[in-house]
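Read off the chains here:
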Amino acid sequence: MDPLTPRWPDGQLDRYLTLAGAMVDLTAGPGDYATVKCLGCRHTDVIRYHSGPRGAASNARLGRGRAYDHASRCRTIAPPDGDAPSTT
Ligand SMILES: [Zn+2]
């Protein structure tokens, strides 16, 4: 492992970079779901995964597609204190 690359949390499947430089994380769980969470705008999308033998490939495409799509459109920078951005 590259000592300069931080270790991802358990269950994290992928990470994407937004146009503004924030991270979008795709994580497994809870249960039969996966979660897309933007650390810039705090958008969260919970995706129900499909079960069955063809589910894994389908799930990977679905989750990665949602995370990539959000990362390609989001321009929000997280505030320095970690609070959610104001919508007013
Ligand atoms: Zn976002």
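Everything below is about the structure printed above this text.
Not measured: the values here are computed from a predicted model. (Residues numbered from 1 in each chain as written. Predicted model: local features only at pLDDT ≥ 70, side-chain atom pairs only at ≥ 80, totals over all residues.)

Enquirer: Talk me through unusual backbone geometry; I want residue IDs and the actual numbers.
Expert: One non-glycine residue, arginine 42, adopts positive backbone phi at about 75°. Position of arginine 42 relative to the elements: it lies in the loop between β3 (33-38) and β4 (44-48). Arginine 42 sits in the partly exposed class, given 14 other C-beta atoms within 10 Å. (Helix = DSSP H or I, 4+ residues; strand = E, 2+ residues; numbered from the N terminus. Buried ≥ 20, exposed ≤ 12 C-beta atoms within 10 Å, placed from the backbone.)

Enquirer: Account for the pairing of strand β2 (residues 23-28), with residues named and values stated.
Expert: Note that strand β1 (residues 12-17) and β2 share five bridges and pair antiparallel. If you follow glutamine 12 over to β2, its bridge partner there is threonine 27. Remark: five residues form the turn of the hairpin made by β1 and β2, two consecutive strands paired antiparallel; glycine 21 in that turn has positive phi of roughly 95°. Looking at chain direction, β2 and β3 are connected through five bridges and run antiparallel. Each residue of the ladder has a partner; that of threonine 27, found in β3, is threonine 35. Between β2 and the antiparallel strand that follows it, β3, lie four residues; glycine 29 among them carries a positive phi value of about 100°. (Pairing = 2+ DSSP bridges.)

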